[in-house]
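Structure at a glance
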Amino acid sequence: MSTASSWRAYPQVYRLEAARCTGCRKTFFPPRQVCNACGAREFETFTLKRTGAVVTHTVIRTPDDRFAGEAPFAVGIIQVDDGPRLTTQIVDVPLEELAIGMRVKLEFRRLFSDGHAGVIEYGHKAVPLRD
């Protein structure tokens, strides 16, 4: 990701900022300029809850080179408790215990690094909620 793209994505990647249409109250993540439901152009910014549930998941066994040392690993779609769905890695759970409907929380963690002296990318990963 370029430096400019990375900088623009900070509010969403680091703080999980979403937009809610002031016209129809539809939620967008990442935020957008025009609501696709009502055509409004005014939005309020808010921070997503960091809890949700697994909607679906898959296991990656042949990943991109950046993630080769982590294979196999799980990636899932998480329905956040206050609206949108996010795609993220699911960690800290044995792959055979993954289940649709599993409650998770989003934790801020290192995603990957670009070589020994490169940029370290951070983001959110889903971690099972423990009772």
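Residues numbered from 1 in each chain as written. Predicted model: local features only at pLDDT ≥ 70, side-chain atom pairs only at ≥ 80, totals over all residues. Heavy atoms only, no water.

1. Overview of the nonpolar core
One finds Leu48 and Ile90 to be the most contacted residues of the largest nonpolar core, which totals 16 residues. Secondary structure elements with two or more residues in this core: strand E5 (73–80), strand E6 (85–90) and strand E7 (103–113). It is E5 that contributes the most residues to this core, three residues altogether. Those residues in contact with isoleucine 90 that sit more than four places away from it in its chain are Val54, His57, Ala74, Val75, Gly76, Ile78, Leu98 and Ala126. (Core = buried A, V, L, I, M, F, W, Y, C linked by side-chain atoms within 4.5 Å. Buried < 20%, exposed > 50% of the residue type's maximum accessible area, 1.4 Å probe, protein only. Helix = DSSP H or I, 4+ residues; strand = E, 2+ residues; numbered from the N terminus. Contact = heavy atoms within 4.5 Å.)

2. Overview of the packing of aromatic side chains
Applying the stated criterion across every chain, the model contains one aromatic pair. Seen in terms of ring centroids, phenylalanine 28 and phenylalanine 43 are 5.9 Å apart; in terms of plane orientation they differ by 80°. Their pairing is edge-to-face. Linking phenylalanine 28 in strand E2 (residues 27–28) with phenylalanine 43 in strand E3 (residues 43–47), this pair joins segments that are 15 residues apart in sequence. (Phe/Tyr/Trp six-rings, centres within 6.5 Å; stacked < 30°, edge-to-face > 60°.)

3. Some thoughts on the sheet that holds E3
With respect to topology, three strands assemble into an open sheet ordered E2-E1-E3, the strand pairing being antiparallel. Each of the sheet's edge strands pairs with one partner strand only, and the pair in question is E2 and E3. Two elements, strand E1 (residues 17–21) and E3, share five bridges in a ladder whose sense is antiparallel. Within the sheet, the bridge partner assigned to glutamate 17 lies in E3 and is threonine 47. (Pairing = 2+ DSSP bridges.)

4. Quick notes on the pairing of E6
Of the strand pairs in this sheet, E5 and E6 are connected by six bridges, and their pairing is antiparallel. From the neighbouring strand, alanine 74 faces E6, where its bridge partner is isoleucine 90. Taking the residues between adjacent antiparallel strands as the criterion, E5 and E6 are bridged by four residues, where glycine 83 takes a positive phi near 145°.

5. Regarding the environment of isoleucine 60
Tracing the sequence through the fold places isoleucine 60 in strand E4 (residues 51–60). What makes isoleucine 60 partly exposed here is its relative accessible area of 26%. With 14 residues separating them along the chain, isoleucine 60 and alanine 74 place their C-alpha atoms 6.1 Å apart. When neighbours within four sequence positions are excluded, isoleucine 60 is seen to be in contact with Ala71, Pro72, Phe73 and Val75.

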